[in-house]
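# Structural description and commentary
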Amino acid sequence: MITLKRLGLVVLTVALLLLIPLIAMQFSASVRWTAFDFGVAAVLLTGTGLLLELMFRRVSSFRYRLVLGFALLAALALVWAELAVGIFGTPWAGQ
C-alpha cells in the first residue's frame, strides 16, 4: 500500500514536470499544449511514478530494480514519443 507521503511526492513531481511546458507556452509559440495534452501527460507520468514506487516496494535486488526501472522509463519515453510525433504510425500518433 502506498503511503500518502509517497503519493504526494509522486503528484508533486508530476505537477513540477508539467510546469515546464506550461511556462514554455508563455515564451514560445511552438509549444502549444491543450488541456487534453496536460491530462494525458499527467496520467502517463503519474502512472509511471506509481509503477516505479510499486516496483521499488516489491523488488529487493538493486540490479533488478535498475533493469525494471529502466524498462519502465523506456516504455514511458516510447509512448510519449508516439503520442508526440508518431514514430510507429499508430492511430494515436501526433503530428
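Throughout what follows, the structure given in this document is the object of discussion.

Reading guide: rules and limits
- Residues numbered from 1 in each chain as written.
- Predicted model: local features only at pLDDT ≥ 70, side-chain atom pairs only at ≥ 80, totals over all residues.
- Heavy atoms only, no water.
- Helix = DSSP H or I, 4+ residues; strand = E, 2+ residues; numbered from the N terminus.
- Buried < 20%, exposed > 50% of the residue type's maximum accessible area, 1.4 Å probe, protein only.
- Lys, Arg positive; Asp, Glu negative; His and termini not counted.
- Salt bridge = Lys/Arg side-chain N within 4 Å of Asp/Glu carboxyl O.
- Polar contact = N/O pair within 3.5 Å; in protein donor to acceptor, adjacent residues only side chain to side chain.
- Contact = heavy atoms within 4.5 Å.
- Patch = residues over 30% accessible without salt bridge, like charges linked within 9 Å, V, L, I, M, F, W, Y side chains within 5 Å.
- Areas by Shrake-Rupley, 256 points an atom, 1.4 Å probe, with all protein chains shown as cover.
- Phe/Tyr/Trp six-rings, centres within 6.5 Å; stacked < 30°, edge-to-face > 60°.
- Axes fitted to C-alpha atoms, helices over the stretch in contact; angles between N-to-C directions.
- Left-handed = near helix turned anticlockwise from the far one by under 90°.
- Nonpolar A, V, L, I, M, F, W, Y, C, P; charged D, E, K, R; others polar.
- Parallel < 35°, antiparallel > 145°, perpendicular 65-115°, else oblique.

Our focus in this paragraph is the side chain of E82. Along the chain, E82 falls in helix α3 (residues 62-85). Buried within the structure, E82 lacks any salt-bridge partner; its nearest side chain of opposite charge belongs to R32, at an N-O separation of 18 Å. One polar contact links E82 to T90, side chain to side chain, over a distance of 2.6 Å. Look past the residues within four positions of E82 in its chain and what remains in contact with it is I87, F88, G89, T90, W92, A93 and G94.

Along the chain, A84 falls in helix α3. For the pair A84 and D37, spaced 47 residues apart in sequence, the C-alpha to C-alpha distance is 9.6 Å.

Below, the discussion takes up a nonpolar patch on the surface. Residues L12, L16, L19, L22, I23 and F27 make up a contiguous nonpolar surface patch of roughly 610 Å² in combined accessible area. Turning to its location among the elements, I23 is positioned in helix α1 (residues 4-27).

Between side chains of opposite charge, a pair can form as their charged atoms come close. One pass over the full model with this rule turns up two salt bridges. Between R6 and E53 there is a salt bridge; the shortest N-O distance is 3.6 Å. Residue R6 is found in helix α1, and its partner E53 is found in helix α2 (residues 35-58); the two are separated by 47 residues along the sequence.

Under the criterion given, the structure shown has two aromatic pairs. Between W33 and W80, the aromatic rings sit 6.2 Å apart at their centres with planes inclined by 45°, giving tilted as the arrangement. Remark: W80 occurs in helix α3 and W33 occurs in the loop between α1 and α2; sequence separation between them is 47 residues. Judged by relative accessible area, which is 25%, W33 ranks as partly exposed. Assessed through its relative accessible area of 30%, W80 is described here as partly exposed.

For the pair α1 and α2, interaxial distance at closest approach is 10 Å and the crossing angle is 145°. Once α1 is placed against α2, the crossing between them reads as right-handed. In this structure, α1 contributes R6, L7, V10, V14, L17, L18, P21, L22 and M25 to the contact, and α2 contributes F38, A41, A42, L45, T46, G49, L50, E53 and R57. Among the residues making up the contact of α1 with α2, the classes are represented as 13 nonpolar, two polar and three charged.

This next bit is on the packing of α2 against α3. As a packed pair, α2 and α3 sit with axes 10 Å apart at the nearest point and diverge in direction by 170°. Judged by the angle between their axes, α2 and α3 are roughly antiparallel. Residues V40, A41, L44, L45, T48, L51, L52, M55 and F56 of α2 lie in contact with α3, whose contacting residues are R65, L68, G69, L72, L73, L76, V79, W80 and L83. Of the residues in the contact of α2 with α3, the class split is 15 nonpolar, two polar and one charged.

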